[in-house]
Amino acid sequence: MGEASREIMRRARELVPEWTPDQVHEALKRKGEGAQDLVLVDVREKHEWNEGYIPGALHVPRGYLELQIEEAVPDKTKPVVLYCAGGVRSLMAGATLKQMGYQNVISMAGGFGQWRARGYEVAQPRTLGEAQRKRYSRHLLIPEVGEAGQLKLLDSRVLLLGAGGLGSPAAYYLAAAGVGTIGVIDSDVVDESNLQRQILHNVSRIGKYKAESARETIEALNPDVKVITYVDRLDETNVARIIADYDVIIDGTDNFPTRYLLNDASIIANKPVVHGSVFRFEGQVTVFKPHEGPCYRCLYPEPPPAALAPSCAEAGVLGVLPGVIGLLQAVETIKLLLGIGEPLVGRLLTYDALAGEFSELKLYRDPQCPACGENAHPENLPTYADVCALSA
Amino acid sequence: MATVRLAPVLRAAAGGAKQVSAQGNTLAEVLADLYRQYPALKEQIQPEEELSRFVNVYVNDQDVRYLQGLQTAVGPNDTVILLPAMAGGGQE
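Rules used in this analysis
- Residues numbered from 1 in each chain as written.
- Chains lettered and ligands numbered in written order.
- Predicted model: local features only at pLDDT ≥ 70, side-chain atom pairs only at ≥ 80, totals over all residues.
- Heavy atoms only, no water.
- Helix = DSSP H or I, 4+ residues; strand = E, 2+ residues; numbered from the N terminus.
- Rg over C-alpha atoms; globule rule 2.2 N^0.38 Å.
- Buried < 20%, exposed > 50% of the residue type's maximum accessible area, 1.4 Å probe, protein only.
- Contact = heavy atoms within 4.5 Å.
- Lys, Arg positive; Asp, Glu negative; His and termini not counted.
- Charge placed at Lys NZ, Arg CZ, Asp CG, Glu CD.
- Core = buried A, V, L, I, M, F, W, Y, C linked by side-chain atoms within 4.5 Å.
- Buried area = accessible area lost by both parts, 1.4 Å probe.
- Salt bridge = Lys/Arg side-chain N within 4 Å of Asp/Glu carboxyl O.
- Polar contact = N/O pair within 3.5 Å; in protein donor to acceptor, adjacent residues only side chain to side chain.
- Nonpolar A, V, L, I, M, F, W, Y, C, P; charged D, E, K, R; others polar.
- Pairing = 2+ DSSP bridges.
- Axes fitted to C-alpha atoms, helices over the stretch in contact; angles between N-to-C directions.
- Phe/Tyr/Trp six-rings, centres within 6.5 Å; stacked < 30°, edge-to-face > 60°.
- Parallel < 35°, antiparallel > 145°, perpendicular 65-115°, else oblique.
- Left-handed = near helix turned anticlockwise from the far one by under 90°.

This paragraph deals with the overall build of chain B. Scanning chain B for helices and strands turns up 2 helices and 5 strands. The linear arrangement of helices and strands in chain B, starting from the amino end, is β-β-α-α-β-β-β. Compactness check: chain B gives a C-alpha radius of gyration of 13 Å against a globular reference of 12 Å for 92 residues, within 12% of the reference. Counting only C-alpha atoms, chain B reaches 40 × 30 × 25 Å along its principal axes. The proportion of buried residues among the 92 residues of chain B is 54%. Excluding contacts between residues fewer than 6 apart, the proportion of contacts in chain B whose partners are at least 24 apart in sequence is 51%. If you average the places of the 7 positive and of the 10 negative side-chain charges in chain B, the two averages end up 6 Å apart.

Structural data, given as structure tokens:
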């Protein structure tokens, strides 16, 4: 250390008191008991942090200190304990924080090295592997996702109702994005007429279960993703058990009974449902988030009678359209999983492919809704007969 | 005349039109004029006296259930949107 840096250190020591690892340990213990409110900040580099850190610490590398600390610790009256590897960088970081107006700044003498030598607890951060870092590099570059967000996606579980027109693009992109567990429930087999839009399947899968075909395609795309298949229809006997394991449910169903069944079960289990539907050249998307926005029954308390359900007939759909709508569902799902942006809660987004137009309608919660209103009993509602099956 | 926008599933009953015009000062009157022009729509939108529970009706993007229902005022420059529950998903 040269003369000038010794001088900087001397001045920093005048500004910033130092605690030993024992004192910090004691203060953290008291904090754990609710006595004191202090923030522990690790100012080392990322590669040092990756080898272990003090549990509960925030990571603000010294190089980004001035830029990030006010976001990490907005309250400048809170005591801030800084540490680095040996106690030098944290002392200088402390002097910077003092300049920035932090009133109560402490540097841990001896740093992480001494902390560890004393045998105190060390946490190991979870990090992405080399291959994952490469695969998800474009996510890592977005601050709203980043490494923490990517780890969150890898820990996330999404259930797709149907591996058809909407489920195919949604599942494919969610798998590419690294959503760690994807459940697929579908009792159908692949038919040639599906291939115009259901991009998870291909010619060699005709006659195979769609859920199995989906698994093959997804696993070939991304080995990080675990696919759980249910060759089954969602019904009263299995709905609660199946959705319990998931964070978000993507509704790509084609019938009212399943939609009402899912609606009620998702309110009971407090799971958001990303709803989509398509018809010829138009589609719509919304998010039903229990108790934050309306549910499907707020919107449509009853299905239409069989004779009046014009959408039951094989109406046809432009093959690309469910691609657009299914991907909007995938986007909403990622937003919900990461807690970013403004999900389409209480908003119905419609897309008219021929006109090239998106528009939006506000949806309202019905305070009298039998499923999510004040005196609701979602466990006890009719799901109605399959009006389409009846009219067919 | 108010503009009435029809959800895709309703268009067959209106000769394929996406948007039609109808006259009236209230939603009830506008719908009556709509059914006069396209009788097949009546059954799909309002088979009974009251607005049916499987069709959502908006006047200028506001759900009429939270306005004055059939008595909601409709001006000549207003847009009525009819949006029935759709069965069609992506599965088929």
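And the narrative resumes.
In this section: the nonpolar core. Core analysis: the largest hydrophobic core is formed by 37 residues, its most contacted members being Leu174(A), Val179(A), Ile182(A) and Ile218(A). For Val179(A), the residues in contact, after removing those within four places along its chain, are Leu153(A), Ser156(A), Val158(A), Leu174(A), Val225(A), Ile334(A) and Leu337(A). Among the nonpolar cores identified, the runner-up in size contains 28 residues, and Leu161(A), Phe256(A), Val273(A) and Tyr58(B) belong to it.

Each partner contributes to the interface: chain A provides 46 residues, whereas chain B provides 29 residues. Approximately 3200 Å² of surface area, both sides summed, lies buried where chain A meets chain B, with 53% of it carried by carbon and sulfur atoms. On the surface where chain A and chain B come into contact, there are 5 salt bridges. Summed over the shared surface of chain A and chain B, the result is 9 residue pairs in polar contact (both at pLDDT 80 or more). Residue contributions to the side of chain A that touches chain B peak at 4 residues, all from strand S13 (residues 357–362) of chain A. Its residues placed into classes, the side of chain A that touches chain B shows 21 nonpolar, 11 polar and 14 charged.

In this section: the sheet that holds strand S5 (residues 79–84) of chain B. Residues and elements named next belong to chain B. Strand order in the open sheet formed by 5 strands is S2-S1-S5-S3-S4, and the pairing between neighbours is mixed. Looking at which strands have only one partner, the edges of the open sheet turn out to be strand S2 (19–22) and strand S4 (62–63). Relative to S5, strand S1 (residues 2–6) runs parallel, the two being bridged by 4 bridges. Directly across from Arg5, in S5, lies its bridge partner Ile81. The strands touched by helix H1 (residues 27–37) within the sheet are S1, S2, strand S3 (55–59) and S5, with S2 carrying the most contacts at an inclination of about 115°.

So, about helix H5 (residues 89–99) of chain A. Residue and element names in this part refer to chain A. For H5, the full list of buried residues reads Ser90, Leu91, Ala93, Gly94, Ala95, Thr96 and Leu97. On the buried face of H5, the contacting elements are helix H1 (3–15), strand S1 (18–19), helix H4 (65–72), strand S4 (80–83) and strand S5 (105–108). Phi turns positive, to about 100°, at Gly101, one or two residues after H5.

Residues and elements named next belong to chain A. Considering all chains together, one arrives at 30 salt bridges over all chains under this definition. Among the ionic pairs, Arg6 bridges to Glu3, the shortest N-O distance being 3.7 Å. Taken together, the residues Arg6 and Glu3, both in helix H1 and 3 residues apart, mark about one turn of the helix. Judged by relative accessible area, which is 57%, Glu3 ranks as exposed.

On to unusual backbone geometry, then. The phi dihedral of Arg280(A) is positive, around 55°, even though this residue is not glycine. By the element assignment, Arg280(A) lies in the loop between strand S10 (273–279) and strand S11 (282–288). For Asp61(B), which is not glycine, the phi torsion reads 70° and is therefore positive. Examined against the element boundaries, Asp61(B) turns out to sit in the loop between S3 and S4.

Time to look at the packing of aromatic side chains. Residue and element names in this part refer to chain A. The tally for this structure, following the rule as stated, stands at 8 aromatic pairs over all chains. Ring plane angle 20° and centroid distance 6.2 Å describe the contact between Tyr83 and Phe112, whose orientation is recorded as stacked. Remark: Phe112 occurs in helix H6 (residues 111–117) and Tyr83 occurs in strand S4; sequence separation between them is 29 residues. The burial state of Tyr83 is the same as that of Phe112; both residues are buried. Consider the rings of Phe288 and Tyr296, whose centres lie 6.0 Å apart with planes at 85°: the pair is edge-to-face. Among the residues examined, Phe288 registers a relative accessible area of 6% and is labelled buried. Overall, Tyr296 belongs to the buried group, its relative accessible area being 2%. Ring-pair connections join several aromatic residues into one group, and the members of that group are Tyr260, Phe288, Tyr296 and Tyr300.

Turning to the packing of H4(A) against H5(A), a few remarks are in order. The description of two packed helices rests on the angle between their axes and on the distance between the axes. Residues and elements named next belong to chain A. Taken N-terminus to C-terminus, the directions of H4 and H5 make an angle of 65°; their axes are 11 Å apart at the nearest point. Classified by the interaxial angle, the pair formed by H4 and H5 is roughly perpendicular. With respect to the hand of their crossing, H4 and H5 are arranged in right-handed fashion. Across the interface between the two elements, Leu65, Glu66 and Ile69 of H4 pack against Ala93, Thr96 and Leu97 of H5. Class assignment of the residues belonging to the contact of H4 with H5 gives a composition of 4 nonpolar, 1 polar and 1 charged.

Turning next to the environment of Pro8(B). With respect to the helices, strands and loops of the structure, Pro8(B) is situated in the loop between S1 and S2. Overall, Pro8(B) belongs to the buried group, its relative accessible area being 15%. Each C-alpha atom of the pair Pro8(B) and Pro84(B) lies 9.4 Å from the other, and the pair is 76 residues apart in sequence. With residues up to four places along the chain from it excluded, the contact list for Pro8(B) reads Phe279(A) and Glu282(A).

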